[in-house]
Amino acid sequence: MPCQKGDLFGQLMREDPSTIKGAETLMLGEMLTLPQNFGNIFLGETFSSYISVHNDSNQVVKDILVKADLQTSSQRLNLSASNSAVAELKPECCIDDVIHHEVKEIGTHILVCAVSYTTQYGEKLYFRKFFKFQVLKPLDVKTKFYNAETDEVFLEAQIQNITTSPMFMEKVSLEPSMMYNVTELNIVTCGDQGESTFGKMSYLQPMDTRQYLYCLKPKPEYAEKAGVIKGVTVIGKLDIVWKTNLGERGRLQTSQLQRMAPGYGDIRLSLEVIPDTVNLEEPFDIICKITNCSERTMDLVLEMCNTRSIHWCGVSGRQLGKLSPGAFLSLPLTLLSSVQGLQSISGLRLTDTFLKRTYEYDDIAQVCVVCPYTSNES
């Protein structure tokens, strides 16, 4: 059936997330309406103002100086493009200026416009105008860190639109610190092209929240030291760019994000290589990485204890030698499982012969054990 005139426009208006509900009946969307009042400006946006000083009298005035200051809770900023006086201003003429300022503080702001001039009789006059407005926080940002056994760090950033109008999220990126390389996990690759996990519409409705995920890997020059990093580590900072109803762009950068590096004790044992699936009662190989996280040299002995389902292959009680502070060694091991299903690798013991101290490592990882034999039913 042929579409009636206006149906296509109405459908587009109804599907547009930035359009007021029912606006298709007025043939006008929210994107085309002006703000109701000067009211609020959001942190990260650029405050712009047009200032006009008009001579309403029938006399010529001289030495006109227009000054625009922005008063915040912590400082007073001069926004005037020029601090030089205008020689004269004739009747019904005006002096125009446009000021811009990137808003970096929340709270009450006061625009103070001061004008001084001299009358034709030599009298010096002065007056001021005050314009008050509020700067609000547009976004609520929460972060969570997840530490992987492979020294990777996963960052989850939850970004919520706490304004009363939709936002177009132009960019949300993570600028890593010098120690890390970052991979964005918010794009699904389809062939040669990538599509955002949020779809083609990058609108964030009021009070809606999005979760962005990033993977950080230590750079090669820091990778060997990643296992012995202690205390607080700087990860990087988030860079967020958005646009509001009339195309005003806003930008926020978080402070440096920090995470508490996980504590590994004196010795850290991690797995570098392990298969996902192995066959029942068939030997398989793993590679362990042993890192000395203490500040002293260790002389290590490895013991392998069998469990109900995991059986180690090789000699238990062998000497691994001395391991200096911050150093590591890769240790290939062979084992097999006598039970099917998801089995936990346990039973490794490291003993430091210098202090006669034993470190136990259980539930190091899991492996899926399957039976390679299938019976054919006749």
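Residues numbered from 1 in each chain as written. Predicted model: local features only at pLDDT ≥ 70, side-chain atom pairs only at ≥ 80, totals over all residues. Heavy atoms only, no water.

**Student:** Could you give an account of the overall build of the protein, with specific residues and numbers?
**Tutor:** Scanning the protein for helices and strands turns up 2 helices and 30 strands. The buried share of the protein, taken over its 378 residues, is 38%. For the protein, long-range pairs separated by at least 24 residues make up 67% of all intrachain contacts whose partners lie at least 6 apart in sequence. A total accessible area of about 22500 Å² is found for the protein, and carbon and sulfur atoms account for 52% of it. (Helix = DSSP H or I, 4+ residues; strand = E, 2+ residues; numbered from the N terminus. Buried < 20%, exposed > 50% of the residue type's maximum accessible area, 1.4 Å probe, protein only. Contact = heavy atoms within 4.5 Å. Areas by Shrake-Rupley, 256 points an atom, 1.4 Å probe, with all protein chains shown as cover.)

**Student:** Any chance you could break down the sheet that holds strand S24 (residues 310-313) for me, citing the residues and the numbers?
**Tutor:** The strands making up a sheet associate through hydrogen bonds between their backbones, and the pairing can be parallel or antiparallel. An order of S20-S22-S26-S24 is seen for the 4 strands of this open sheet, with the pairing classed as antiparallel. Both edges of this open sheet fall to strand S20 (267-273) and S24, since each of them pairs with a single strand only. Going from strand to strand, the sheet's axes swing by 40 degrees on average, the running direction of each strand aside. Relative to strand S26 (residues 328-337), strand S22 (residues 284-292) runs antiparallel, the two being bridged by 8 bridges. (Pairing = 2+ DSSP bridges. Axes fitted to C-alpha atoms, helices over the stretch in contact; angles between N-to-C directions.)

**Student:** I'd love a proper account of unusual backbone geometry, names of residues and values included.
**Tutor:** Unlike most non-glycine residues, Asp63 shows phi in positive territory, near 50 degrees. Within the fold, Asp63 resides in strand S3 (residues 61-71). Look at Met207: it is not a glycine, yet its phi comes out positive at around 70 degrees. Mapped onto the elements of the fold, Met207 is located in the loop between strand S15 (203-204) and strand S16 (209-218).

**Student:** Kindly report on the packing of aromatic side chains, identifying the contributing residues and their values.
**Tutor:** In the structure shown here, the tally under the stated rule is 3 aromatic pairs. Ring centres of Phe47 and Phe133 lie 4.7 Å apart, and the angle between their planes is 20 degrees; on these two criteria the pair is classed as stacked. With a gap of 86 residues between them, Phe47 in strand S2 (residues 46-54) and Phe133 in strand S8 (residues 124-136) connect regions that are remote in the sequence. With respect to burial, Phe47 and Phe133 carry one shared label: buried. Centroid distance Phe168 to Tyr203: 6.0 Å. Interplanar angle 65 degrees. Geometry classified as edge-to-face. Pair noted here: Phe168 is in strand S11 (residues 167-176) and Tyr203 is in strand S15, with a separation of 35 residues, a long-range link. A cation sits over an aromatic face here: Arg210 above Phe198, 4.4 Å from the ring centre. Sitting over the ring of Phe328, Lys289 keeps its end group 4.5 Å from the ring centre. (Phe/Tyr/Trp six-rings, centres within 6.5 Å; stacked < 30°, edge-to-face > 60°. Lys NZ or Arg CZ within 6 Å of the ring centre and 35° of its normal.)

**Student:** Please give an account of the environment of Ser165 that cites residues and values.
**Tutor:** In this structure, Ser165 sits in the loop between strand S10 (153-161) and S11. Judged by relative accessible area, which is 14%, Ser165 ranks as buried. Residues Ser165 and Leu204, 39 residues apart in the sequence, show an inter-C-alpha distance of 8.9 Å.

**Student:** Before we move on, could you go through the sheet that holds strand S27 (residues 341-345) and cite the residues and values that matter?
**Tutor:** One open sheet holds the 3 strands; their spatial order is S21-S30-S27, and the pairing between them is mixed. Single-partner strands in this sheet number two, and they are strand S21 (277-279) and S27. In this sheet, adjacent strand axes meet at a mean angle of 40 degrees when their direction is disregarded. Inspection of the sheet shows S27 paired to strand S30 (residues 365-370) by 5 bridges, in the antiparallel sense. Looking at the pairing, Ser344 lines up with Gln366 of S30.

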